[in-house]
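Listed below, chain by chain, are the residues.
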Amino acid sequence: MNEMSKVNEAGNRPQPKAGVLDIAAYVPGKSKGSHGKTVHKLSSNETPLGTSATVSPAVDHVIRNLELYPDGAATELREAIGDIYGLNPDRIICGAGSDEVLSMLANAYLAPGDEAIYSEHGFLVYDIAIRAAGATPVVAPETDLSTDVDAILERVTDRTKMVFIANPNNPTGTYLPYEEVKRLHESLPAHVLLVLDAAYGEYVRRNDYESGIELAATSENVFMTRTFSKIYGLANLRVGWGFGPAHIIDALNRIRGPFNMSGVAIAAGIAAVRDRDFVAKSVDHNEKWLPWVTNELEEIGLKVTPSVGNFVLVHFPDQDGQRAKDADAYLLERGCVLRMVGNYGLPNAIRMTIGSEEANRTVVAHLRDFLTNR
(Lines give C-alpha, C1' and ligand atoms only; values in the text may rest on other atoms or scores of the structure.)
Protein backbone atom coordinates (compact mmCIF):
# COMPACT_ATOMS: atom_id res chain seq x y z
CA MET A 1 0.00 0.00 0.00
CA ASN A 2 1.48 3.38 -1.04
CA GLU A 3 1.55 6.45 1.24
CA MET A 4 -1.42 8.12 -0.49
CA SER A 5 -3.55 5.01 0.03
CA LYS A 6 -2.60 4.94 3.69
CA VAL A 7 -3.67 8.60 4.05
CA ASN A 8 -6.97 7.96 2.29
CA GLU A 9 -7.65 4.89 4.44
CA ALA A 10 -6.93 6.83 7.63
CA GLY A 11 -9.29 9.56 6.52
CA ASN A 12 -12.16 7.09 6.35
CA ARG A 13 -12.09 6.07 10.00
CA PRO A 14 -12.32 7.85 13.37
CA GLN A 15 -9.16 9.68 14.33
CA PRO A 16 -7.93 10.53 17.86
CA LYS A 17 -7.59 14.18 18.68
CA ALA A 18 -4.37 15.98 17.87
CA GLY A 19 -1.46 14.89 20.01
CA VAL A 20 -2.77 11.51 21.17
CA LEU A 21 -0.66 9.52 18.71
CA ASP A 22 2.41 11.50 19.80
CA ILE A 23 2.15 9.98 23.29
CA ALA A 24 4.61 7.23 24.11
CA ALA A 25 2.56 4.49 25.78
CA TYR A 26 3.58 3.65 29.33
CA VAL A 27 5.56 0.41 29.50
CA PRO A 28 5.43 -1.30 32.92
CA GLY A 29 8.29 -3.29 34.41
CA LYS A 30 8.74 -6.85 33.20
CA SER A 31 7.10 -9.61 35.22
CA LYS A 32 8.99 -12.71 34.09
CA GLY A 33 12.53 -13.87 33.64
CA SER A 34 13.78 -15.30 30.37
CA HIS A 35 13.05 -18.84 31.56
CA GLY A 36 9.34 -18.06 31.67
CA LYS A 37 8.57 -17.76 35.35
CA THR A 38 9.08 -15.11 37.96
CA VAL A 39 11.59 -15.83 40.69
CA HIS A 40 12.50 -12.42 42.06
CA LYS A 41 10.42 -9.60 40.52
CA LEU A 42 12.09 -6.34 41.49
CA SER A 43 10.97 -4.23 38.54
CA SER A 44 7.90 -2.36 39.81
CA ASN A 45 8.73 -1.22 43.37
CA GLU A 46 6.20 -3.60 44.88
CA THR A 47 6.54 -4.45 48.56
CA PRO A 48 8.08 -7.85 49.37
CA LEU A 49 5.83 -8.16 52.44
CA GLY A 50 2.53 -8.72 50.65
CA THR A 51 -0.34 -6.85 52.26
CA SER A 52 -1.99 -6.59 55.66
CA ALA A 53 -3.61 -9.76 56.98
CA THR A 54 -6.74 -7.67 57.60
CA VAL A 55 -7.35 -7.12 53.88
CA SER A 56 -8.65 -10.57 52.86
CA PRO A 57 -11.44 -10.78 55.47
CA ALA A 58 -12.34 -7.15 54.77
CA VAL A 59 -13.09 -7.86 51.12
CA ASP A 60 -14.92 -11.15 51.64
CA HIS A 61 -18.33 -9.55 52.16
CA VAL A 62 -17.89 -7.44 49.03
CA ILE A 63 -17.03 -10.48 46.92
CA ARG A 64 -20.27 -12.11 48.05
CA ASN A 65 -22.25 -9.12 46.73
CA LEU A 66 -20.65 -8.40 43.37
CA GLU A 67 -24.01 -7.54 41.79
CA LEU A 68 -24.15 -4.33 43.83
CA TYR A 69 -22.56 -1.04 42.84
CA PRO A 70 -19.85 0.32 45.16
CA ASP A 71 -20.13 3.64 46.97
CA GLY A 72 -19.21 6.05 44.20
CA ALA A 73 -17.83 8.58 46.65
CA ALA A 74 -15.67 6.02 48.51
CA THR A 75 -16.95 7.64 51.71
CA GLU A 76 -15.66 5.10 54.22
CA LEU A 77 -12.24 4.98 52.58
CA ARG A 78 -11.96 8.78 52.62
CA GLU A 79 -12.98 8.77 56.27
CA ALA A 80 -10.38 6.11 57.12
CA ILE A 81 -7.64 8.08 55.35
CA GLY A 82 -8.81 11.21 57.14
CA ASP A 83 -8.63 9.46 60.52
CA ILE A 84 -5.10 8.19 59.95
CA TYR A 85 -3.65 11.40 58.53
CA GLY A 86 -5.75 13.90 60.45
CA LEU A 87 -7.43 15.30 57.34
CA ASN A 88 -10.91 16.48 56.42
CA PRO A 89 -12.44 13.66 54.32
CA ASP A 90 -14.33 16.24 52.27
CA ARG A 91 -10.97 17.39 50.91
CA ILE A 92 -9.93 13.88 49.83
CA ILE A 93 -10.67 12.20 46.52
CA CYS A 94 -9.99 8.54 45.72
CA GLY A 95 -9.18 6.91 42.44
CA ALA A 96 -7.99 3.79 40.66
CA GLY A 97 -4.41 4.38 41.72
CA SER A 98 -2.84 7.81 42.03
CA ASP A 99 -2.38 7.63 38.23
CA GLU A 100 -6.10 8.26 37.81
CA VAL A 101 -6.01 11.21 40.20
CA LEU A 102 -3.06 12.70 38.29
CA SER A 103 -4.93 12.29 35.01
CA MET A 104 -8.06 13.89 36.47
CA LEU A 105 -6.00 16.88 37.55
CA ALA A 106 -4.56 17.29 34.06
CA ASN A 107 -7.97 16.91 32.41
CA ALA A 108 -9.56 19.43 34.76
CA TYR A 109 -6.88 22.14 34.61
CA LEU A 110 -5.01 21.79 31.31
CA ALA A 111 -6.16 22.68 27.80
CA PRO A 112 -4.56 23.09 24.38
CA GLY A 113 -2.11 25.99 24.51
CA ASP A 114 -1.33 25.44 28.20
CA GLU A 115 2.01 24.18 29.50
CA ALA A 116 2.85 21.93 32.43
CA ILE A 117 6.32 21.38 33.87
CA TYR A 118 7.94 18.27 35.32
CA SER A 119 11.54 17.37 36.09
CA GLU A 120 13.91 15.65 33.68
CA HIS A 121 13.65 12.16 35.13
CA GLY A 122 10.14 12.52 36.53
CA PHE A 123 7.39 9.87 36.47
CA LEU A 124 6.40 9.12 32.85
CA VAL A 125 2.68 9.38 33.64
CA TYR A 126 3.04 13.17 33.91
CA ASP A 127 3.99 13.46 30.24
CA ILE A 128 1.14 11.15 29.25
CA ALA A 129 -1.44 13.05 31.33
CA ILE A 130 -0.29 16.44 30.02
CA ARG A 131 -0.37 15.39 26.37
CA ALA A 132 -3.69 13.56 26.74
CA ALA A 133 -5.22 16.81 28.00
CA GLY A 134 -3.96 18.56 24.86
CA ALA A 135 -1.35 20.64 26.70
CA THR A 136 2.41 20.90 26.15
CA PRO A 137 4.90 19.22 28.50
CA VAL A 138 7.95 21.25 29.52
CA VAL A 139 10.91 19.36 30.97
CA ALA A 140 13.15 21.02 33.57
CA PRO A 141 16.69 19.63 33.85
CA GLU A 142 17.78 18.13 37.15
CA THR A 143 20.94 18.64 39.19
CA ASP A 144 22.65 15.44 40.35
CA LEU A 145 19.46 13.52 39.49
CA SER A 146 17.45 15.72 41.87
CA THR A 147 14.65 18.17 41.16
CA ASP A 148 16.07 21.65 40.54
CA VAL A 149 13.68 24.36 41.76
CA ASP A 150 15.47 27.14 39.90
CA ALA A 151 15.36 25.19 36.64
CA ILE A 152 11.60 24.80 37.05
CA LEU A 153 11.07 28.47 37.84
CA GLU A 154 13.12 29.50 34.82
CA ARG A 155 10.63 27.64 32.62
CA VAL A 156 7.47 29.18 34.02
CA THR A 157 5.69 31.30 31.40
CA ASP A 158 2.29 32.88 30.95
CA ARG A 159 1.17 29.54 29.52
CA THR A 160 2.22 27.50 32.58
CA LYS A 161 -0.79 26.07 34.40
CA MET A 162 0.66 23.13 36.37
CA VAL A 163 3.90 21.80 37.88
CA PHE A 164 4.31 18.11 38.75
CA ILE A 165 6.85 17.11 41.41
CA ALA A 166 7.43 13.48 42.39
CA ASN A 167 8.79 13.63 45.92
CA PRO A 168 10.54 11.23 46.35
CA ASN A 169 11.19 10.88 42.66
CA ASN A 170 10.88 7.68 40.67
CA PRO A 171 13.20 6.27 39.27
CA THR A 172 16.02 8.23 40.93
CA GLY A 173 14.98 7.85 44.59
CA THR A 174 16.05 11.41 45.37
CA TYR A 175 13.86 13.91 47.22
CA LEU A 176 13.28 17.64 47.54
CA PRO A 177 13.60 19.04 51.08
CA TYR A 178 10.51 20.79 52.41
CA GLU A 179 12.19 24.20 52.40
CA GLU A 180 12.83 23.83 48.67
CA VAL A 181 9.23 22.75 48.06
CA LYS A 182 8.04 25.84 49.93
CA ARG A 183 10.42 28.05 47.95
CA LEU A 184 9.05 26.63 44.72
CA HIS A 185 5.47 27.20 45.84
CA GLU A 186 6.11 30.75 47.02
CA SER A 187 7.69 31.60 43.67
CA LEU A 188 4.92 30.21 41.48
CA PRO A 189 2.07 32.43 40.25
CA ALA A 190 -1.13 31.90 42.24
CA HIS A 191 -2.95 30.43 39.23
CA VAL A 192 -0.37 27.65 38.73
CA LEU A 193 -1.29 24.34 40.36
CA LEU A 194 1.59 22.60 42.15
CA VAL A 195 1.03 18.82 42.26
CA LEU A 196 3.10 16.95 44.84
CA ASP A 197 3.17 13.24 44.08
CA ALA A 198 4.18 11.44 47.30
CA ALA A 199 3.73 7.84 46.14
CA TYR A 200 6.77 6.79 48.19
CA GLY A 201 6.29 9.26 51.03
CA GLU A 202 5.67 6.60 53.69
CA TYR A 203 9.19 5.25 53.22
CA VAL A 204 11.02 8.53 53.79
CA ARG A 205 12.79 8.99 57.12
CA ARG A 206 14.39 12.41 56.76
CA ASN A 207 13.81 15.33 59.12
CA ASP A 208 13.70 17.84 56.25
CA TYR A 209 11.02 15.98 54.27
CA GLU A 210 7.27 16.66 54.18
CA SER A 211 4.93 14.82 51.85
CA GLY A 212 2.84 17.82 50.88
CA ILE A 213 0.02 17.58 53.38
CA GLU A 214 0.85 20.88 55.07
CA LEU A 215 0.99 22.92 51.86
CA ALA A 216 -2.08 21.23 50.41
CA ALA A 217 -3.96 21.98 53.65
CA THR A 218 -3.04 25.66 53.76
CA SER A 219 -2.78 26.72 50.10
CA GLU A 220 -5.25 27.28 47.29
CA ASN A 221 -2.93 25.98 44.54
CA VAL A 222 -1.25 22.86 45.98
CA PHE A 223 -2.52 19.30 45.64
CA MET A 224 -0.95 16.10 47.00
CA THR A 225 -1.40 12.59 45.60
CA ARG A 226 -0.70 9.25 47.33
CA THR A 227 -0.98 5.57 46.47
CA PHE A 228 -1.78 2.24 48.12
CA SER A 229 0.29 0.39 45.50
CA LYS A 230 3.61 0.60 47.31
CA ILE A 231 3.88 0.30 51.09
CA TYR A 232 0.31 -1.00 51.50
CA GLY A 233 0.76 -3.75 48.91
CA LEU A 234 -2.47 -3.13 46.95
CA ALA A 235 -0.96 -2.58 43.50
CA ASN A 236 -3.26 -5.16 41.92
CA LEU A 237 -6.43 -3.43 43.16
CA ARG A 238 -5.50 0.12 42.04
CA VAL A 239 -6.16 2.37 45.03
CA GLY A 240 -4.96 5.96 45.21
CA TRP A 241 -6.03 9.26 46.69
CA GLY A 242 -5.44 12.97 46.62
CA PHE A 243 -5.80 15.81 49.10
CA GLY A 244 -6.16 19.51 48.45
CA PRO A 245 -8.34 22.61 48.51
CA ALA A 246 -12.10 22.17 48.42
CA HIS A 247 -12.40 23.98 45.08
CA ILE A 248 -10.03 21.47 43.41
CA ILE A 249 -11.87 18.49 44.92
CA ASP A 250 -15.12 19.96 43.58
CA ALA A 251 -13.66 20.25 40.07
CA LEU A 252 -12.30 16.69 40.12
CA ASN A 253 -15.57 15.22 41.35
CA ARG A 254 -17.32 16.81 38.37
CA ILE A 255 -15.21 14.80 35.90
CA ARG A 256 -14.59 11.69 37.98
CA GLY A 257 -16.30 8.52 36.80
CA PRO A 258 -19.40 7.83 38.92
CA PHE A 259 -18.01 4.49 40.16
CA ASN A 260 -14.29 4.88 39.53
CA MET A 261 -13.26 2.43 42.26
CA SER A 262 -14.46 -1.12 42.85
CA GLY A 263 -15.99 -2.12 46.16
CA VAL A 264 -13.19 -4.63 46.65
CA ALA A 265 -10.58 -1.88 46.25
CA ILE A 266 -12.42 0.38 48.68
CA ALA A 267 -12.75 -2.33 51.35
CA ALA A 268 -9.11 -3.34 50.95
CA GLY A 269 -7.96 0.25 51.23
CA ILE A 270 -9.91 0.80 54.45
CA ALA A 271 -8.35 -2.27 56.06
CA ALA A 272 -4.84 -1.54 54.80
CA VAL A 273 -4.66 2.09 55.87
CA ARG A 274 -5.79 1.25 59.40
CA ASP A 275 -3.14 -1.44 59.93
CA ARG A 276 -0.34 0.77 61.21
CA ASP A 277 1.67 -2.19 62.46
CA PHE A 278 1.98 -3.52 58.92
CA VAL A 279 3.18 -0.12 57.69
CA ALA A 280 5.75 0.06 60.48
CA LYS A 281 6.98 -3.43 59.62
CA SER A 282 7.35 -2.42 55.98
CA VAL A 283 9.32 0.69 56.92
CA ASP A 284 11.60 -1.32 59.20
CA HIS A 285 12.29 -3.83 56.41
CA ASN A 286 13.19 -1.04 54.02
CA GLU A 287 15.34 0.74 56.61
CA LYS A 288 17.36 -2.44 57.03
CA TRP A 289 17.79 -3.52 53.41
CA LEU A 290 17.97 -0.19 51.52
CA PRO A 291 21.40 0.69 53.01
CA TRP A 292 22.53 -2.93 52.78
CA VAL A 293 21.77 -3.16 49.06
CA THR A 294 23.32 0.26 48.44
CA ASN A 295 26.53 -0.58 50.28
CA GLU A 296 26.89 -4.04 48.72
CA LEU A 297 26.43 -2.73 45.19
CA GLU A 298 28.92 0.07 45.77
CA GLU A 299 31.44 -2.40 47.15
CA ILE A 300 31.37 -4.41 43.93
CA GLY A 301 32.10 -1.25 41.93
CA LEU A 302 28.68 0.07 40.91
CA LYS A 303 27.43 3.60 41.50
CA VAL A 304 24.13 3.90 43.36
CA THR A 305 22.12 7.12 43.58
CA PRO A 306 21.26 7.76 47.27
CA SER A 307 17.59 6.80 47.65
CA VAL A 308 14.88 7.45 50.24
CA GLY A 309 12.35 5.17 48.56
CA ASN A 310 12.01 1.40 48.38
CA PHE A 311 14.29 1.11 45.35
CA VAL A 312 17.75 2.07 44.13
CA LEU A 313 19.04 3.38 40.81
CA VAL A 314 22.16 1.43 39.86
CA HIS A 315 24.58 2.94 37.31
CA PHE A 316 26.89 0.95 35.06
CA PRO A 317 30.22 2.37 33.80
CA ASP A 318 29.36 3.09 30.18
CA GLN A 319 27.46 5.79 28.35
CA ASP A 320 25.75 3.85 25.57
CA GLY A 321 23.84 1.59 27.96
CA GLN A 322 25.22 -1.68 26.61
CA ARG A 323 26.71 -2.76 29.95
CA ALA A 324 23.37 -2.14 31.67
CA LYS A 325 21.54 -4.12 28.96
CA ASP A 326 23.98 -6.99 29.33
CA ALA A 327 23.54 -6.97 33.12
CA ASP A 328 19.76 -6.92 32.75
CA ALA A 329 19.87 -9.90 30.39
CA TYR A 330 22.28 -11.73 32.73
CA LEU A 331 19.90 -11.23 35.65
CA LEU A 332 16.84 -12.25 33.63
CA GLU A 333 18.50 -15.52 32.69
CA ARG A 334 18.87 -16.18 36.41
CA GLY A 335 15.32 -15.28 37.37
CA CYS A 336 15.94 -11.73 38.66
CA VAL A 337 13.66 -9.15 37.03
CA LEU A 338 14.82 -5.54 37.39
CA ARG A 339 13.85 -2.39 35.44
CA MET A 340 15.77 -0.80 32.61
CA VAL A 341 15.16 2.96 32.63
CA GLY A 342 16.32 4.09 29.22
CA ASN A 343 12.84 5.54 28.63
CA TYR A 344 13.57 7.88 31.55
CA GLY A 345 16.72 9.14 29.83
CA LEU A 346 18.96 6.86 31.91
CA PRO A 347 20.22 4.22 29.45
CA ASN A 348 23.20 3.16 31.57
CA ALA A 349 21.17 2.46 34.72
CA ILE A 350 18.87 -0.21 36.14
CA ARG A 351 16.33 0.33 38.91
CA MET A 352 16.13 -2.33 41.60
CA THR A 353 13.27 -2.64 44.07
CA ILE A 354 14.24 -3.51 47.63
CA GLY A 355 12.93 -7.04 47.91
CA SER A 356 13.04 -9.88 50.37
CA GLU A 357 16.32 -10.82 52.02
CA GLU A 358 16.69 -13.71 49.58
CA ALA A 359 15.97 -11.53 46.56
CA ASN A 360 18.38 -8.80 47.66
CA ARG A 361 21.22 -11.20 48.35
CA THR A 362 20.60 -13.10 45.10
CA VAL A 363 20.71 -9.99 42.90
CA VAL A 364 23.89 -8.71 44.56
CA ALA A 365 25.55 -12.10 44.12
CA HIS A 366 24.60 -12.30 40.43
CA LEU A 367 25.81 -8.75 39.76
CA ARG A 368 29.09 -9.55 41.48
CA ASP A 369 29.49 -12.56 39.20
CA PHE A 370 28.50 -10.52 36.15
CA LEU A 371 31.12 -7.85 36.82
CA THR A 372 33.76 -10.45 37.57
CA ASN A 373 33.11 -12.62 34.51
CA ARG A 374 32.45 -9.83 32.00
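Residues numbered from 1 in each chain as written. Predicted model: local features only at pLDDT ≥ 70, side-chain atom pairs only at ≥ 80, totals over all residues. Heavy atoms only, no water.

A. The arrangement of the nonpolar core in detail. With 58 residues, the main nonpolar core has Leu77, Phe228 and Trp241 as its most contacted residues. Per-element tally for this core: the top contributor is helix α10 (residues 263–274), with 9 residues. Look past the residues within four positions of phenylalanine 228 in its chain and what remains in contact with it is Leu77, Ile81, Gly233, Leu234, Ala235, Val239, Trp241, Gly269, Ala272 and Val273. Counting residues in each nonpolar core, the second largest holds 31 residues, with Leu102, Leu145, Ile249 and Ala349 among its members. (Core = buried A, V, L, I, M, F, W, Y, C linked by side-chain atoms within 4.5 Å. Buried < 20%, exposed > 50% of the residue type's maximum accessible area, 1.4 Å probe, protein only. Helix = DSSP H or I, 4+ residues; strand = E, 2+ residues; numbered from the N terminus. Contact = heavy atoms within 4.5 Å.)

B. Quick peek at the environment of phenylalanine 164. Mapped onto the fold, phenylalanine 164 is located in strand β5 (residues 160–166). Assessed through its relative accessible area of 1%, phenylalanine 164 is described here as buried. A C-alpha to C-alpha distance of 13 Å links phenylalanine 164 and alanine 151, two positions 13 residues apart in sequence. Those residues in contact with phenylalanine 164 that lie beyond four places of it in its chain are Leu102, Ala116, Ile117, Tyr118, Ser119, Tyr126, Ile130 and Val195.

C. How the structure looks around the sheet that holds strand β7 (residues 222–227). A sheet is described by the order of its strands in space; here 7 strands give the open sequence β2-β8-β7-β6-β5-β3-β4, paired in mixed fashion. Strand pairing shows two members of the sheet lacking a second neighbour, β2 (92–95) and β4 (136–140), which therefore form its edges. Across the sheet, the axes of successive neighbouring strands diverge by a mean angle of 20°, strand direction being ignored. When strand β3 (residues 115–119) meets β4, the two strands line up parallel, connected through 5 bridges. Paired with tyrosine 118 across the strands is valine 139, a residue of β4. Lying over the sheet, helix α4 (residues 97–109) contacts β2, β5, β6 (193–197), β7 and β8 (240–243), oriented at roughly 155° with respect to β7. (Pairing = 2+ DSSP bridges. Axes fitted to C-alpha atoms, helices over the stretch in contact; angles between N-to-C directions.)

D. Up close: the packing of α4 against helix α9 (residues 246–255). Orientation of α4 relative to α9, taken along the N-to-C sense of each, is 95°, at an axis distance of 9 Å. As summarised for this structure, α4 and α9 are arranged roughly perpendicular, according to the angle between their axes. Residues Met104, Leu105, Asn107, Ala108 and Tyr109 of α4 form the contact with α9, whose own contacting residues are His247, Ile248, Ala251, Leu252 and Ile255. When the residues that make up the contact of α4 with α9 are grouped by side-chain class, the tally is 8 nonpolar, 2 polar and no charged. (Parallel < 35°, antiparallel > 145°, perpendicular 65-115°, else oblique. Nonpolar A, V, L, I, M, F, W, Y, C, P; charged D, E, K, R; others polar.)

E. Local environment of the packing of helix α12 (residues 322–333) against helix α13 (residues 357–373). Interaxial distance between α12 and α13 falls to 10 Å at its minimum, and their mutual angle equals 125°. The orientation of α12 relative to α13 falls into the category oblique. In the packing of α12 onto α13, the handedness of the crossing is right-handed. Note on element contacts: α13 touches α12 through Val363, His366, Leu367, Asp369, Phe370, Leu371 and Asn373, opposite Arg323, Asp326, Ala327, Tyr330 and Leu331. (Left-handed = near helix turned anticlockwise from the far one by under 90°.)

F. Inspection of the side chain of asparagine 310 at higher detail. The topology assignment puts asparagine 310 in the loop between β9 (303–305) and β10 (311–315). Taking the relative accessible area as the measure of exposure, asparagine 310 reaches 1% and is therefore buried. A polar side-chain atom of asparagine 310 sits 3.1 Å from the main-chain carbonyl oxygen of asparagine 45. Ignoring any residue separated from it by four or fewer positions in sequence, one finds asparagine 310 in contact with Asn45, Glu46, Tyr200, Tyr203, Asn286, Thr353 and Ile354. (Polar contact = N/O pair within 3.5 Å; in protein donor to acceptor, adjacent residues only side chain to side chain.)

G. Highlighting the pattern of salt bridges. A full pass over the atoms with the stated rule returns 15 salt bridges. The partner of lysine 41 in a salt bridge is glutamate 46, and the shortest N-O contact between them spans 2.8 Å. Given the relative accessible area of 31%, glutamate 46 is considered partly exposed. Of the charged contacts in the structure, one is a salt bridge between arginine 274 and aspartate 83, with a shortest N-O distance of 3.0 Å. With arginine 274 in helix α10 and aspartate 83 in helix α3 (residues 75–85), this pair connects stretches of sequence that are 191 residues apart. On the basis of relative accessibility, which here comes to 43%, the residue arginine 274 falls in the partly exposed class. Judged by its relative accessible area of 54%, aspartate 83 is exposed. If you follow the salt bridges from partner to partner, you end up with Asp150, Glu180 and Arg183 in one network. (Salt bridge = Lys/Arg side-chain N within 4 Å of Asp/Glu carboxyl O.)

H. Structural detail: the packing of aromatic side chains. For the structure on display, the rule yields 10 aromatic pairs. Judged by centre distance (6.2 Å) and plane angle (75°), the rings of tyrosine 175 and tyrosine 209 are edge-to-face. Taken together, the residues span a long stretch of sequence, with tyrosine 175 in the loop between β5 and α7 (178–187) and tyrosine 209 in the loop between β6 and α8 (213–218) at a distance of 34 residues. Look at tyrosine 209 and you get buried, because its relative accessible area is 13%. These aromatic residues form a ring-pair network of at least three members: Tyr118, Phe123, Tyr126 and Phe164. When the ring centre of tyrosine 330 is taken as origin, the NZ or CZ atom of arginine 334, which lies over that ring, is 3.5 Å away. (Phe/Tyr/Trp six-rings, centres within 6.5 Å; stacked < 30°, edge-to-face > 60°. Lys NZ or Arg CZ within 6 Å of the ring centre and 35° of its normal.)

I. Focus on the sheet that holds strand β13 (residues 346–353). The 4 strands lie next to each other as β9-β10-β13-β12, forming an open sheet whose pairing is antiparallel. The strands lining the two open edges of the sheet, one partner per strand, are β9 and β12 (339–341). Direction aside, the axes of adjacent strands within the sheet are offset by 35° on average. Pairing of β12 with β13, which is carried by 3 bridges, proceeds in the antiparallel orientation. The residue bridging methionine 340 from the neighbouring strand is isoleucine 350, located in β13. Of the strands in this sheet, β9, β10 and β13 touch helix α11 (residues 276–299), which is tilted by about 10° from β10.

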